[in-house]
Amino acid sequence: MKIENLKFNDSEIRVYKDYQNSTGLELFRFYKDNNENWKAEFYNTVASKNNKDETIIRTRKSKLNSLKNFELIWLQILDTQIIHLPKWEAFQYKLKTINKEYQIEDGKLLSSTSKIAVLDGVSFYVKIKVGKKENEFIYYNPKSYLETYPNVDELLSFQELLNLISNEFNVFIKK
């Protein structure tokens, strides 16, 4: 897929959705072009086998529309604080439950915690640029983690972004 060859603009966000249990990859791209026009695009890869059992990967591009003004949508995207969200590793300490159970092991007093591990699902890679500010990160199965840890502000902000994109452009809808 040649999506990475697309020029990255000064006002742009890309959200890649990667299905961990398939070959599917989707890209939502929202940007202001060189003529100061806002554009929204959606790329979807589809893998299939031909009669020689070879895998063929096709990318479909769709131009997206919304009933809202694109400048307003851009401001709503920025209001999710996406430009400031940290990398996944920075808030891993929030993705555990402190059990408040204590035990002595080898003469040391220990506290117990538990964590979930989501092995299957959907991950997102985000890259955004606002003027000279840039941010990029990967969130692994954010929806599943948000269900278990509903007060993690990074996951809440990210889910707000995904809801905005889904509602305005009808993409990333669970099938």
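Everything quoted here is computed from the prediction, not taken from an experiment. Note that residues are indexed from 1 along each chain, following the sequence as it is written. Per-residue local features are limited, in this predicted model, to residues with pLDDT of at least 70; the limit for side-chain atom pairs, both in listing and counting, is 80 or more; totals at the level of whole chains, interfaces and linings are taken over all residues. Water and hydrogen atoms were dropped before computing side-chain values, which therefore reflect all heavy atoms in the structure.

*Asks:* Give a detailed account of the pattern of salt bridges, specifying residues and quantitative values.
*Replies:* Any Lys or Arg side-chain nitrogen located within 4 Å of an Asp or Glu carboxyl oxygen qualifies as a salt bridge. Scanning the entire structure with this criterion turns up 10 salt bridges. A salt bridge links E41 to K61, with the nearest nitrogen and oxygen atoms 3.5 Å apart. Placement of E41 in strand β3 (residues 38-49) and of K61 in strand β4 (residues 55-63) is noted, with a sequence separation of 20 residues between them. Classification of residues uses two cut-offs on accessible area relative to the type maximum, computed with a 1.4 Å probe and protein chains only: under 20% is buried, over 50% is exposed, and between them is partly exposed. Residue E41 is classed as buried on the basis of its relative accessible area of 4%. Classification of K61 as partly exposed rests on a relative accessible area of 47%. The partner of E154 in a salt bridge is K94, with the nearest N and O atoms 3.0 Å apart. In this pair, E154 is assigned in helix α3 (residues 153-169) and K94 in the loop between α1 (70-79) and β5 (97-105), connecting sequence segments 60 residues apart. Salt bridges sharing partners connect three or more residues here, namely E12, R14, R29, E41 and K61. Put simply, DSSP marks the helices as runs of H or I at least four residues long and the strands as runs of E at least two long, and each gets a number from the N terminus on.

*Asks:* Describe α1, with residues and values.
*Replies:* Along α1, the residues that are buried comprise F70, I73, W74 and I77. The buried residues of α1 occupy an angular sector of 105° when projected down its axis, which confines them to one face. For the purposes of these results, a polar contact is taken to be a pair of N or O atoms within 3.5 Å, where, inside protein, one atom must be able to donate a hydrogen and its partner to accept one; residues adjacent in sequence count only when each atom of the pair is a side-chain atom. The distance from a side-chain oxygen at the start of α1 to the backbone nitrogen of E71 is 2.6 Å, and the residue carrying that oxygen is N69. Q81 occupies a position one or two residues after α1 and carries a positive phi of about 70°. This arc is taken over the directions from the axis of the helix to the C-beta atoms.

*Asks:* Can you explain unusual backbone geometry? Please cite residues and give values.
*Replies:* The phi angle at D106 is positive, at roughly 55°, despite the residue not being glycine. You can see D106 is positioned in the loop between β5 and β6 (108-114). If you check the backbone angles, N141 has positive phi at about 50° while not being a glycine. Its location among the elements puts N141 in the loop between β8 (133-140) and α2 (142-148).

*Asks:* With reference to specific residues and values, describe the nonpolar core.
*Replies:* By nonpolar core we mean a set of buried residues, namely Ala, Val, Leu, Ile, Met, Phe, Trp, Tyr and Cys, connected to one another through side-chain atoms within 4.5 Å. Of all hydrophobic cores here, the largest spans 36 residues; its most connected members are I13, V15, F28, F30, I77, I82 and F158. Of all the elements, α3 adds the most residues to this core, at seven residues. Residues in contact with I13, not counting those within four places in the same chain, are F28, R29, F30, W74, I77, I82, V126, K127, I128 and L161. Contacts are assigned to residue pairs that have any heavy atoms within 4.5 Å of one another.

*Asks:* Tell me about the pairing of β6, and please be specific about residues and values.
*Replies:* Here the rule is simple: two strands pair whenever DSSP picks up at least two bridges between them. Of the pairings in the sheet, the one linking β5 to β6 comprises six bridges and is antiparallel in character. The partner of I104 across the bridge, within β6, is L109. Joining the antiparallel neighbours β5 and β6 is a turn of two residues, in which D106 adopts a positive phi near 55°.

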